[in-house]
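Structural overview for review
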Amino acid sequence: MEELDPKYVSFLDTWNGWINIIALVFVGIAAILSLYYLVRLLAISDPKRKHDFINNNEINMFWYSMLNLTIAGGLYLNTVANTYVQEEVMHFIVRLFITASFTTIFALIFNSLIKVYYPFKVNRRLNQLRHKIRVNPNNGNKMKLLSEEEEDKHMTDEMIEEEARASVDFDVWFDEETGYTKIEKYDGTSLAVECPSCGYRTLRVIEDQILRSPTVDEEGELEEFLACSYCGHKERKVVVTHRLRTKTA
Ligand SMILES: [Zn+2]
C-alpha cells in the first residue's frame, strides 16, 4: 500500500468539515423557506386570499426547498468514501464529478416531478378553497355561490367588460337574507386545467383575443389560446361573455 500524503489528508479533513457546514446551511435554507411559507399561509384566513397565495407561491416554494435539499445531499456525498479518496487526488476529482452529475440529474428529475405531479395536489386544494362556503363578515350568515345567469345583476359594468376582454372569471357570493355580496376574481391565465392530451393539470391560457365585443342585445365571444407546459399540447376555446348593460363598448 502506498504512503498517504499527510498534507492531502489534512486538506481532506478541513474539506469535510467545511462541506458539512455548507450542506447544513442549505438544509437550513430549505427549512426556513418552508416554514416562512407555512407561517404566511396560516396567517391568511380569507379563503380567496388563501387560494391566491397558494396558487402564486406553493409550487415554486416546494421546488426551491427541494433544490436546496438536493444540493445539500450532493455536498454531503463529497465527504463520503474517504479511504478511497485519500489514496490519490484523482479520486477526489472523480468523486466531485460523480456527485455533481448525480445532483444535476436528481434536480432535473425533481423539477419535472414537481411541475407535473404537484399541480394535481395543489389544484384539489385550490378547488376546495374556491368552493368553500363564504361567510358574511357582518352577521356570520352562510352565503350562496350564484350561477352564471344569477350573478350578472350583481356585477358592475366594469366587471362584465373585463370578463369580455380577458380570461377572467368572477364568483359572486350572495347572502340571501341581507343581499350582501362578496365578489371574487379568478384569472384564467394563472389557473391550470387538465390537459386532454397528457392528462396532467398543466394546461393554461397563454393568450386571449376578443372575437366579438358584447353589446346590450348580444353576448360577446372571447377566444382563448391554451398551451400545456408539459406535453406542449395547444388548443383554442371560444368563451361566451356576458351582455353589456349600458351602451358603452
Ligand atoms: Zn399536456
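This section reports on the structure supplied with the text. (Residues numbered from 1 in each chain as written. Predicted model: local features only at pLDDT ≥ 70, side-chain atom pairs only at ≥ 80, totals over all residues. Heavy atoms only, no water.)

**Overview of helix H1 (residues 6-42)**
Between its first and last C-alpha, H1 extends 54 Å over 37 residues, near the 54 Å set by a 1.5 Å rise per residue. Of the positions making up H1, those classed as buried are Tyr-8, Val-9, Leu-12, Asn-16, Ile-19, Ala-23, Ala-30, Tyr-37 and Leu-41. Elements in contact with the buried residues of H1: helix H2 (47-77), helix H3 (82-87), helix H4 (89-116) and helix H5 (118-131). Its side-chain oxygen at 3.0 Å from the backbone nitrogen of Lys-7, Asp-5 defines the N-terminal cap of H1. (Helix = DSSP H or I, 4+ residues; strand = E, 2+ residues; numbered from the N terminus. Expected span 1.5 Å × (residues − 1). Buried < 20%, exposed > 50% of the residue type's maximum accessible area, 1.4 Å probe, protein only. Contact = heavy atoms within 4.5 Å. Polar contact = N/O pair within 3.5 Å; in protein donor to acceptor, adjacent residues only side chain to side chain.)

**Structural notes on the coordination of the zinc ion**
Only Cys-195 (SG), Cys-198 (SG), Cys-228 (SG) and Cys-231 (SG) from the protein reach the zinc ion as donors, at distances of 2.3 to 2.4 Å. Angles of 107 to 114° at the metal separate the four donor atoms of the zinc ion, which places the site in the tetrahedral class. On the primary sequence, the residues serving as donors to the zinc ion are separated as C-x2-C-x29-C-x2-C. Remark: Cys-228 occurs in strand E5 (residues 220-228) and Cys-198 occurs in the loop between strand E3 (181-187) and strand E4 (203-212); sequence separation between them is 30 residues. Its relative accessible area of 5% is what places Cys-228 among the buried residues. (Donors = N, O, S within 2.8 Å, 3.2 Å for Na, K, Ca; no water. Tetrahedral: all angles 85-135°; square planar, octahedral: opposite > 155°, others 65-115°.)

**As for the pattern of salt bridges**
Overall, the coordinates contain 13 salt bridges when judged by the stated rule. A salt bridge links Lys-182 to Asp-46; the shortest N-O distance between them is 3.3 Å. Here Lys-182, found in strand E3, pairs with Asp-46, found in the loop between H1 and H2; they are 136 residues apart in sequence, far enough to count as distant. Residue Asp-46 is classed as partly exposed on the basis of its relative accessible area of 22%. Put simply, Lys-237 and Glu-224 hold a salt bridge, and the shortest N to O gap is 3.9 Å. With Lys-237 in strand E6 (residues 234-241) and Glu-224 in strand E5, the pair connects residues that are 13 residues apart, well separated along the chain. (Salt bridge = Lys/Arg side-chain N within 4 Å of Asp/Glu carboxyl O.)

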